[in-house]
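Structural overview for review
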Amino acid sequence: MKLTTAAEMREIDQRSTEEFGIAGEVLMENAGAAAARAAERLAPGGPVVVLCGPGNNGGDGLVVARHLHNRGVPVRACLLAPGAKLKGNAAQNYRLARSFGVLLVETPSPAALRRLLREAGLVVDAMLGTGLTGPVRGGIAAAIAAINAAAAPVLAVDLPSGVNSETGAIMGVAVRADLTVTFGLAKMGMYCYPGREYCGEIQVADISLPRALLDAPELQTELITAASAALGL
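Procedures and definitions
Residues numbered from 1 in each chain as written. Predicted model: local features only at pLDDT ≥ 70, side-chain atom pairs only at ≥ 80, totals over all residues. Heavy atoms only, no water. Axes fitted to C-alpha atoms, helices over the stretch in contact; angles between N-to-C directions. Helix = DSSP H or I, 4+ residues; strand = E, 2+ residues; numbered from the N terminus. Parallel < 35°, antiparallel > 145°, perpendicular 65-115°, else oblique. Left-handed = near helix turned anticlockwise from the far one by under 90°. Contact = heavy atoms within 4.5 Å. Nonpolar A, V, L, I, M, F, W, Y, C, P; charged D, E, K, R; others polar. Salt bridge = Lys/Arg side-chain N within 4 Å of Asp/Glu carboxyl O. Buried < 20%, exposed > 50% of the residue type's maximum accessible area, 1.4 Å probe, protein only. Core = buried A, V, L, I, M, F, W, Y, C linked by side-chain atoms within 4.5 Å. Pairing = 2+ DSSP bridges. Phe/Tyr/Trp six-rings, centres within 6.5 Å; stacked < 30°, edge-to-face > 60°. Lys NZ or Arg CZ within 6 Å of the ring centre and 35° of its normal. Expected span 1.5 Å × (residues − 1).

**A closer look at the packing of helix 2 (residues 24-41) against helix 4 (residues 88-100)**
Geometry of a packed helix pair, given as the angle between the helix axes and the separation of the axes. Contact pair helix 2 / helix 4: the axes reach a minimum separation of 10 Å and the direction vectors enclose 60 degrees. Judged by the inter-axis angle, helix 2 sits oblique to helix 4. The way helix 2 lies across helix 4 gives a crossing that is right-handed. Across from Gly24, Glu25, Met28 and Glu29 in helix 2, the residues of helix 4 making contact are Asn89, Ala90, Gln92 and Asn93. Residue classes in the contact of helix 2 with helix 4 are distributed as 2 nonpolar, 4 polar and 2 charged.

Here it is in structure tokens:
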């Protein structure tokens, strides 16, 4: 199985749009829909609480919330940044979530967030994704601590927030997920310790990235498993 760096995935996303004509909003829709299907399979006993950061990972989370809401699953989408400050595809999905009637909680207080997490049957982490380069601070660090202190199972969207996507280092604090749904290809940091311990079960979702790009020979990092080692692969 191929593993990628954040830079390699960004290039795949960009080439998918520029060379194959797949719009970024289509990729975000497919990513969020895949994560929503995984969330629904977990069949939570209480509402799904989706924590959305200010970037594209948060946009994925808004797609998750919209799909779950549209299927009749109780869901609350918590935005850790004001919706008016979202940009691009994330802003578009904020508007869609509002038009669909998704319950949106913008910049909740620490006490309000802890209350929502106590009531949750499932928590979806869509705060930071693969773009993290420095230590996690402020409200997102506090949200991560609250998630880890809650009893509900956690689904991470693309990568647990706080895990470095290339080295597996913990950038101060990180979400401990029970399931990570990642997109296109797995990331190197998901299989490096200590990051591997934070990912739980890992599922790689197909979001319609061109196979020619995912199989490109320049992507040379492979995961060696016991099975592949036994076969000499």
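**Quick look at the pattern of salt bridges**
If you walk through the whole model with that rule in mind, you get 7 salt bridges. With a shortest N-O distance of 3.8 Å, Glu222 and Lys2 are connected by a salt bridge. Taken together, the positions of Glu222 in the loop between helix 8 (211-214) and helix 9 (226-230) and Lys2 in the segment before strand 1 (3-4) put the pair 220 residues apart, joining distant regions of the chain. Judged by relative accessible area, which is 43%, Glu222 ranks as partly exposed. Under the relative-accessibility criterion, Lys2 is labelled buried at 16%. Asp215 is the salt-bridge partner of Arg211, the closest N and O atoms lying 3.3 Å from each other. The exposure class assigned to Asp215 is partly exposed, which follows from its relative accessible area of 44%. Salt bridges sharing common partners tie together Arg15, Glu19 and Glu218.

**Side note on the nonpolar core**
Ranked by size, the top nonpolar core spans 42 residues in total, and within it Ile12, Val48, Val50, Leu62, Leu68 and Leu155 carry the most contacts. Those residues in contact with Leu155 that lie beyond four places of it in its chain are Ala35, Ala38, Ala39, Leu42, Leu122, Val123, Val124, Asp125, Leu179 and Val181.

**Overview of the pairing of strand 7 (residues 179-183)**
With 5 of 5 residues buried, strand 7 is to be regarded as a mostly interior element. Neither face of strand 7 is open: one carries Leu179, Val181 and Phe183, the other Thr180 and Thr182, and all of them are buried. Here strand 6 (residues 154-157) pairs with strand 7 via 3 bridges, running parallel. The partner of Val157 across the bridge, within strand 7, is Val181. Pairing of strand 7 with strand 9 (residues 201-205), which is carried by 5 bridges, proceeds in the parallel orientation. When the bridges of strand 9 are listed, Thr182 appears paired with Val204.

**Comments concerning the packing of aromatic side chains**
In total, this model carries 0 aromatic pairs according to the counting rule given. Taking NZ or CZ as reference, Arg66 lies 5.6 Å from the ring centre of Phe100, over its face. In this arrangement the basic side chain of Arg176 is found over the ring face of Tyr198, its NZ or CZ atom lying 4.1 Å from the centre.

**Quick word on helix 2**
With 18 residues, helix 2 extends 26 Å from end C-alpha to end C-alpha; this agrees with the ideal 26 Å at 1.5 Å per step. Those residues of helix 2 that fall on the buried side of the exposure criterion are Leu27, Met28, Ala31, Gly32, Ala33, Ala34, Ala35, Ala36, Ala38 and Ala39. A positive backbone phi angle near 45 degrees is found at Ala43, which sits one or two residues after helix 2.

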